[in-house]
Amino acid sequence: MKIIIAEDYKELSRKAANIISAQIILKSDSVLGLATGSTPIGIYDQLAERYCTGELDFSQVFTINLDEYYGLSSENTQSYHYYMNKYLFSKVNLSKEHCFLPDGVNLDSRAECKRYQELIDNLGGIDLQLLGLGHNGHIGFNEPADFFEKKVHLVDLTEQTIQANQRFFESAEEVPRQAYTMGVGTIFQAKKILLAVSGEEKAEALYRVVQGKISPQIPGSILQLHPDVTVVADRGAAKLF
Ligand code: F6R
């Protein structure tokens, strides 16, 4: 695991965007696994800026997102579809046919998980997977559990995650209780992984992911076994190193 420490969130965003840019430049039809949440916003801003200046071309890139809330449509402003359109898809020349997320309104979870897993497999796997980190060590929406989920699945969100994500909704009651997510196994199969972590409140989770015992109770800890992981953390998140 390679750890890059950035002075602040802005530098973290720049450094993470450098890694994604290099991936696109070296392989123009890269399959990028993408994340949502607060952390990637600065990274997506950087990528959009680099597209505007002509440095990056997304026309052949494919994107596949980690997760989506169960029951939310793409028009819902809290859905991850909406988020991705707002922060990235609408700002760069990605082809709509190349951008994939789980379908939150497909309530047949067996069919949807199968469809999404097959989609990832048919794309030939993920070249570079961008991840954020939950306070409880989750990656995607793989919550602490007794075992590592291998494939795309429907997950019950923990109270801690519901509370953490409440900031995007009017109230905690509005936060969906379930989400579709890539499994830890799906994530692990990515050729390269980029974990971006910001803020002191993530310091303990990051420390446990990087230095702690590998356990499904800290889902991100499995990344210790992956051959190509880069962590970009700001000083706050890296304060226990
Ligand atoms: C989002 C996702 C989550 C977030 C994590 C951190 O697609 O998969 O694992 O990356 O909850 O979220 P933020 O960045 O909002 O702290």
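The coordinates are above.
A few words on the overall build of the chain. Along the chain, the regular secondary structure elements total seven helices and 10 strands. In summary, the chain has a C-alpha radius of gyration of 16 Å against a globular reference of 18 Å for 241 residues, a match within 12%. Each principal axis of the C-alpha atoms in the chain carries an extent, and together these give about 45 × 40 × 35 Å. Here the chain, with 241 residues, has 53% of them falling under the buried criterion. Each charge sign in the chain was given a centre, from 23 positive and 31 negative side chains, and these centres are 5 Å apart.

The next point concerns the environment of K150. Here K150 is to be found in the loop between β6 (128–131) and β7 (153–156). With residues near it in sequence (within four places) discarded, K150 still touches G183, V184, G185 and T186.

With that settled, consider the pairing of strand β3 (residues 62–65). Where a strand is regular, its side chains alternate between the two sheet faces. As paired strands, strand β2 (residues 31–34) and β3 are joined by four bridges and run parallel to one another. When the bridges of β3 are listed, L32 appears paired with T63. You can see the chain leave β2, run along helix α2 (residues 41–52) and come back into β3, and the turn it takes is right-handed.

Turning to the pairing of strand β8 (residues 178–181), a few remarks are in order. Relative to β8, strand β4 (residues 67–69) runs antiparallel, the two sharing three bridges. Residue pairing in the sheet places E68 in a bridge with Y180 of β8. As judged from the four bridges shared by β7 and β8, these two strands associate in the antiparallel manner. When the bridges of β8 are listed, H153 appears paired with T181.

Here we come to the pattern of salt bridges. Any two side chains of opposite charge can pair, on the condition that their charged atoms come close. Enumeration according to the criterion identifies nine salt bridges in this entry. We note a salt bridge from D29 to K27, for which the minimum N-O separation is 3.8 Å. Residue classification places D29 among the partly exposed residues on the basis of a relative accessible area of 37%. K27 gets classed as partly exposed once you look at its relative accessible area, which sits at 32%. Put simply, K114 and E118 hold a salt bridge, and the shortest N to O gap is 3.1 Å. Placement of both K114 and E118 in helix α4 (residues 109–122) is noted, with a separation of four residues, approximately one turn of the helix.

Turning our eyes to something else, we now look at α4. In a regular helix each residue adds 1.5 Å, so 14 residues correspond to 20 Å; α4 covers 20 Å between its end C-alpha atoms and thus fits that length. All of the buried residues along α4 are E112, C113, Y116, Q117, L119 and I120. Buried residues of α4 fall within an arc of 155 degrees about the axis and therefore sit on the same side. Opposite the buried face of α4, at more than 90 degrees from it, the exposed residues are R110, K114 and N122. Looking at the buried residues of α4, the elements they touch are β3, β5 (99–100), β7, β8 and α6 (184–188).

Conventions used here
Residues numbered from 1 in each chain as written. Predicted model: local features only at pLDDT ≥ 70, side-chain atom pairs only at ≥ 80, totals over all residues. Heavy atoms only, no water. Helix = DSSP H or I, 4+ residues; strand = E, 2+ residues; numbered from the N terminus. Rg over C-alpha atoms; globule rule 2.2 N^0.38 Å. Buried < 20%, exposed > 50% of the residue type's maximum accessible area, 1.4 Å probe, protein only. Lys, Arg positive; Asp, Glu negative; His and termini not counted. Charge placed at Lys NZ, Arg CZ, Asp CG, Glu CD. Contact = heavy atoms within 4.5 Å. Pairing = 2+ DSSP bridges. Right-handed = clockwise from strand over helix to strand, strands pointing away. Salt bridge = Lys/Arg side-chain N within 4 Å of Asp/Glu carboxyl O. Expected span 1.5 Å × (residues − 1). Arc of directions from axis to C-beta.

Keep in mind that these numbers describe shape and distance, not what the molecule does.
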